[in-house]
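As a plain string of letters, each chain reads:
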Amino acid sequence: DETADYTVFTNDGKKHSAKVVARDPVNDLAILKIDGTDYPYLTFGSSDNLQAGQSVIAIGNALAQFQNTVSVGVISGLSRSITAGDGSGSSENLENVIQTDAAINPGNSGGPLLALDGTVIGVNVAIVQGSQNIGFALPSSIAKNVVESVQKTGKIVRPYLGVRYVQINADIKQKNGLTVDYGALITRGDTREELAILPGSPADKAGLVENDIILEFDGTKLDDTHSLSILTRQKNVGDTVTLKILHQGEEKTVQVKLAEMPS
């Protein structure tokens, strides 16, 4: 909330006025800063080699009543995609999240998901209402990149391609008479303003057009486990990537130089 004032409470009971230095609506994160030195802190661990069944610990302000609530569980699934709502009608799509059965309740969001060595492997972000211990956390790789970007540049810098797309599956292939059951179909949104290709974007400069299908991103096939948005986020601004696309029924290869996503 851009109009709200935020306060951080430390374990000694002291209050600290917090400044919101960056907002990341793509990943439902915000970076807060407080003045002072010598605060204890947690370190990020790697979320790249997690395994289902691995023990984890979640900590948070459960129900906004019970500070520092600790719950334990396991990683129940990896690379999940969910649509998360805030209860007021707003929703967002989150990809590549970690599923856990460690109890996460309203108020836990923003708290850490920890490995047994005490490193942060995720940030608690959502639960399935009415479920029995089905919660989700953003991988630490995403959160760490956001934090490091703010530390280095004062803002969140991420690359973008500049396309609006639908992930193709067997059902979409059948209903639309497509020749492939994977890839990202470049398509416009529900309104006239939601263009398929953002003018001036890397995709526009590379000659991509509406109804092109991106089949591969730097050699990785775009399917249910490898989305275009996740693969793009793993790159850096200025990187040149190779796209294999299907254009009017013919496959071709296109080189695209990723640019900084507009704020």
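Draft legend 1. Region of interest: the packing of aromatic side chains. Inspection of the entire model under this criterion finds zero aromatic pairs. One Lys or Arg, Lys 221, reaches over the ring of Tyr 182 and ends 4.3 Å from the middle of that ring.

Draft legend 2. Up close: the side chain of Gln 99. Note on placement: Gln 99 falls in strand 6 (residues 91-100). Beyond its immediate stretch of four places on either side in the chain, Gln 99 contacts Val 74, Ile 75, Ser 76, Gly 77, Arg 80, Ile 134, Gly 135 and Phe 136.

Draft legend 3. Main features of the environment of Thr 179. Within the secondary structure layout, Thr 179 lies in the loop between helix 2 (170-176) and strand 12 (184-186). Taking the C-alpha atoms as reference, Thr 179 lies 8.2 Å from Gly 249; in sequence the two are 70 residues apart.

Draft legend 4. How the structure looks around the nonpolar core. Counting 19 residues, the largest nonpolar core has Leu 161, Val 163, Leu 208, Ile 214, Leu 228 and Leu 243 as its most contacted members. Residue contributions to this core peak at three residues, all from strand 15 (residues 240-247). Those residues in contact with Leu 243, other than ones at most four positions away along the chain, are Leu 161, Leu 208, Ile 214, Glu 216, Phe 217, Lys 252, Thr 253, Val 254 and Val 256. Ranked by size, the runner-up nonpolar core spans 15 residues in total, among them Ile 82, Ala 143, Val 146 and Val 150.

Draft legend 5. Structural view of the sheet that holds strand 2 (residues 15-24). With respect to topology, three strands assemble into an open sheet ordered 1-2-3, the strand pairing being antiparallel. Pairing within the sheet leaves two strands with one partner each, and these edge strands are strand 1 (6-9) and strand 3 (29-33). Sheet twist, expressed as the average angle between the axes of neighbouring strands with direction ignored, equals 50°. In terms of strand pairing, strand 1 meets strand 2 through four bridges, oriented antiparallel.

Draft legend 6. Structural context of the environment of Ile 75. Counting through the fold element by element, Ile 75 comes out in strand 5 (residues 66-85). For Ile 75, a relative accessible area of 1% puts it in the buried group. Each C-alpha atom of the pair Ile 75 and Leu 94 lies 17 Å from the other, and the pair is 19 residues apart in sequence. The residues contacting Ile 75, other than those within four sequence positions of it, are Leu 50, Gln 51, Ala 52, Gly 53, Gln 54, Val 56, Ile 98, Gln 99 and Ile 121.

Draft legend 7. Just the pattern of salt bridges, in detail. Scanning all chains against the criterion turns up six salt bridges. With a shortest N-O distance of 3.0 Å, Asp 24 and Arg 158 are connected by a salt bridge. One end of the pair, Asp 24, is in strand 2; the other, Arg 158, is in the loop between helix 1 (140-153) and strand 10 (159-160), and 134 residues separate them in sequence. With a shortest N-O distance of 2.9 Å, Lys 235 and Asp 218 are connected by a salt bridge. With Lys 235 in the loop between helix 4 (228-233) and strand 15 and Asp 218 in the loop between strand 13 (213-217) and strand 14 (220-221), this pair connects stretches of sequence that are 17 residues apart.

Draft legend 8. Inspection of unusual backbone geometry at higher detail. In this structure, Asn 211 takes a positive phi of about 80° despite not being glycine. Summarising the element assignment, Asn 211 is placed in the loop between helix 3 (202-205) and strand 13. Judged by its relative accessible area of 52%, Asn 211 is exposed. A positive phi angle, near 50°, is found at Gln 248, a position not held by glycine.

Draft legend 9. Here's a closer look at the pairing of strand 8 (residues 120-127). Most of strand 8 is tucked away: seven of the eight residues are buried. Pairing analysis gives three bridges linking strand 7 (residues 112-114) to strand 8, with the strands arranged antiparallel. Within strand 8, the position partnered with Leu 114 by the bridge is Val 120. Between the antiparallel neighbours strand 7 and strand 8 lie five residues, among them Gly 118 with a positive phi of about 90°.

Draft legend 10. Structural context of the side chain of Asp 212. As for its position among the elements, Asp 212 is in the loop between helix 3 and strand 13. Despite its burial, Asp 212 remains without a salt bridge, the nearest opposite charge being carried by Lys 252 at 5.9 Å. Of note is the side chain of Asp 212, whose polar atom sits 3.0 Å from the backbone nitrogen of Val 209. Residues in contact with Asp 212, not counting those within four places in the same chain, are Ala 184, Leu 185, Ile 186, Gly 207, Ile 245, Leu 246 and His 247.

Draft legend 11. Quick look at the pairing of strand 2. In this antiparallel pair of consecutive strands, strand 1 and strand 2, the connection spans five residues, and Gly 13 shows a positive phi of 90°. Across five bridges, strand 2 lies against strand 3 in antiparallel orientation. What sits directly across from Asp 24, in strand 3, is Leu 29. Linking two consecutive strands that pair antiparallel, namely strand 2 and strand 3, is a turn of four residues; a positive phi of about 60° is found at Asp 28 within it.

Basis of the calculations
- Residues numbered from 1 in each chain as written.
- Predicted model: local features only at pLDDT ≥ 70, side-chain atom pairs only at ≥ 80, totals over all residues.
- Heavy atoms only, no water.
- Phe/Tyr/Trp six-rings, centres within 6.5 Å; stacked < 30°, edge-to-face > 60°.
- Lys NZ or Arg CZ within 6 Å of the ring centre and 35° of its normal.
- Helix = DSSP H or I, 4+ residues; strand = E, 2+ residues; numbered from the N terminus.
- Contact = heavy atoms within 4.5 Å.
- Core = buried A, V, L, I, M, F, W, Y, C linked by side-chain atoms within 4.5 Å.
- Buried < 20%, exposed > 50% of the residue type's maximum accessible area, 1.4 Å probe, protein only.
- Pairing = 2+ DSSP bridges.
- Axes fitted to C-alpha atoms, helices over the stretch in contact; angles between N-to-C directions.
- Salt bridge = Lys/Arg side-chain N within 4 Å of Asp/Glu carboxyl O.
- Lys, Arg positive; Asp, Glu negative; His and termini not counted.
- Polar contact = N/O pair within 3.5 Å; in protein donor to acceptor, adjacent residues only side chain to side chain.

From the geometry alone we can't say anything about function, so treat these as descriptive.
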